[in-house]
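Spelled out, the chains give:
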Amino acid sequence: MDAHELITRNAAEVVTEEEIEALADDPEGKRAYVGYEPSGVLHIGHMLTANKLIDLQEAGFEVTVLLADVHAYLNDKGSFEEIRHTAERMRDQFIAYGLDESNTQFVLGSDFQLDDDYTLDLHALELETTLARAERAMAEISSGDSVKVSQAVYPLMQALDIPYLGVDIAVGGMEQRKVHMLARDVLPSIDREPPTSLHTPLIADLGTGRGKMSSSEGVTISMEDSREDIESKVNDAYCPPTADPDPTDDGVERDNPVLQVFEYHVFPRFDAVTVERPEEYGGNLKYDAYDDLEADLESGELHPADAKGALAEYLDRLIAPGRQQLAE
């Protein structure tokens, strides 16, 4: 793959395509970043954006991972001491998962977000942003019926982090799109360049195929899971023999999360995928590309149960180094 293909592989959206093309023409020395609230254990959502960071490193980018301890504090995730301990654990898990340690910079938000210049720029953005605009951007992180002032400041800090980290691409899931669009709107008001952004898809809930997979509700997969845990969760996953299942009786759209995990997690990290089957059922199937696996599921050549067995195997291979790191 060339640099542009690596940058955009499995991206749900880039903003803007012209900016991405310019970066792809000369990626060496360019820097991409993603920010995470320290939450203890990497789950499949973290791994999705980490896969994109690995793609970007392969394309020639340097990577910054913001372990957003101040954001976590504003979101009531514990004391600074607890949050920073959690951040250290997450750093080690990202390296175990496959980020190139020599080409990855880990930064705590408190390393720069408490400085005078940052604080004054944050106040300048507050003067330029209506509460309604901030509320739209913070919708993904607010909880409960009562909106706190800290939750209105949170997305403005996310926007300001981008120029302070000196990055060329901001990476996040589609739930971060509103924040990145806010950044493009407000950063020019303090003479900062609007960021180029890249958004990864959202994976449907593993058990139902609806909505998005979440670590706080429904079924998710994390680095704490044993091989048996992974097998159990994948075996129970929603996997109709199609990539485009019918909506529910209530009209709620559904996706096939098993196929999504194959597409966004497995195939980017393995050159080929082998589905093991007894000879009496046709023997093993080998796939060099995701589209071929999807086509066989649609045609009936690949049974959902066999697809699940292979998915559990490859997910376990991805997660095993992080699980070992946690055990140590």
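Residues numbered from 1 in each chain as written. Predicted model: local features only at pLDDT ≥ 70, side-chain atom pairs only at ≥ 80, totals over all residues. Heavy atoms only, no water.

S.K.: Sorry, what's going on with the environment of Pro-241 here?
M.R.: As for its placement among the helices and strands, Pro-241 is situated in the loop between helix H10 (227-235) and helix H11 (257-266). When the C-alpha atoms of Pro-241 and Pro-201 are compared, they prove to be 21 Å apart, with 40 residues separating the residues in sequence. In this structure, Pro-241 is in contact with Leu-297, Glu-298 and Pro-304, ignoring residues within four places of it in sequence. (Helix = DSSP H or I, 4+ residues; strand = E, 2+ residues; numbered from the N terminus. Contact = heavy atoms within 4.5 Å.)

S.K.: Just to check I follow, could you spell out the nonpolar core for this structure?
M.R.: One recurring pattern in soluble globular proteins is that nonpolar side chains are buried together. Ranked by internal contacts, the top residues of the largest apolar core, which has 68 residues, are Ile-7, Leu-53, Val-65, Phe-94, Ile-169 and Phe-262. In this structure, this core is formed jointly by two domains, domain 1 (3-200) and domain 2 (227-327), each of which donates at least three residues. Leaving out residues up to four positions away in the same chain, Val-65 has contacts with Val-34, Tyr-36, Leu-53, Phe-94, Leu-99, Thr-104, Gln-105, Phe-106 and Val-107. Counting 25 residues, the second-largest nonpolar core is a separate cluster that includes Leu-66, Phe-112, Ala-159 and Ala-170. (Core = buried A, V, L, I, M, F, W, Y, C linked by side-chain atoms within 4.5 Å. Buried < 20%, exposed > 50% of the residue type's maximum accessible area, 1.4 Å probe, protein only. Domains from an automatic or database assignment.)

S.K.: Sorry if this is basic, but what is going on with the packing of helix H3 (residues 44-59) against helix H5 (residues 80-97) here?
M.R.: How two helices pack is summed up by the angle between their axes together with the distance between the axes. Interaxial distance between H3 and H5 falls to 11 Å at its minimum, and their mutual angle equals 55°. Classified by the angle between their axes, H3 and H5 sit oblique to one another. For H3 against H5, the interelement crossing comes out right-handed. Along the contact surface, H3 presents His-46, Met-47, Ala-50, Asn-51 and Ile-54, while H5 presents Met-90, Phe-94 and Tyr-97. (Axes fitted to C-alpha atoms, helices over the stretch in contact; angles between N-to-C directions. Parallel < 35°, antiparallel > 145°, perpendicular 65-115°, else oblique. Left-handed = near helix turned anticlockwise from the far one by under 90°.)

S.K.: I'm lost on the domain arrangement of the protein in this one. Help?
M.R.: The parts lose accessible area when they come together, and the size of an interface is often stated as this lost area. In terms of domains, the protein is made up of domain 1 (3-200) and domain 2 (227-327). The centre of domain 1, based on its C-alpha atoms, is set 30 Å off from the matching centre of domain 2. With 14 residues of domain 1 at the contact, the number on the domain 2 side is 12 residues. Counting each side, the surface lost to burial between domain 1 and domain 2 is near 1200 Å², with a carbon and sulfur contribution of 60%. In this assembly, domain 1 and domain 2 are joined by zero salt bridges. At the junction of domain 1 and domain 2, the tally comes to seven residue pairs in polar contact (both at pLDDT 80 or more). Every element with two or more residues in the side of domain 1 that touches domain 2 is listed here: H3 and H5. Classifying every residue of the side of domain 1 that touches domain 2 by side-chain character gives seven nonpolar, four polar and three charged. (Buried area = accessible area lost by both parts, 1.4 Å probe. Salt bridge = Lys/Arg side-chain N within 4 Å of Asp/Glu carboxyl O. Polar contact = N/O pair within 3.5 Å; in protein donor to acceptor, adjacent residues only side chain to side chain. Nonpolar A, V, L, I, M, F, W, Y, C, P; charged D, E, K, R; others polar.)

S.K.: Sorry, what's going on with the pattern of salt bridges here?
M.R.: Side-chain pairs of opposite charge can arise where the charged atoms are in close proximity. For the structure shown, the criterion picks out 19 salt bridges. Of the charged contacts in the structure, one is a salt bridge between Arg-133 and Asp-185, with a shortest N-O distance of 2.7 Å. Note that Arg-133 is positioned in helix H7 (residues 131-137) and Asp-185 in helix H9 (residues 177-186), a separation of 52 residues in sequence. Across the pair Asp-316 and Arg-227 runs a salt bridge whose closest N-O atoms are separated by 3.1 Å. On the criterion of sequence distance, the pair formed by Asp-316 in helix H13 (residues 304-327) and Arg-227 in helix H10 is long-range, its members being 89 residues apart. You can call Arg-227 partly exposed: its relative accessible area is 30%.

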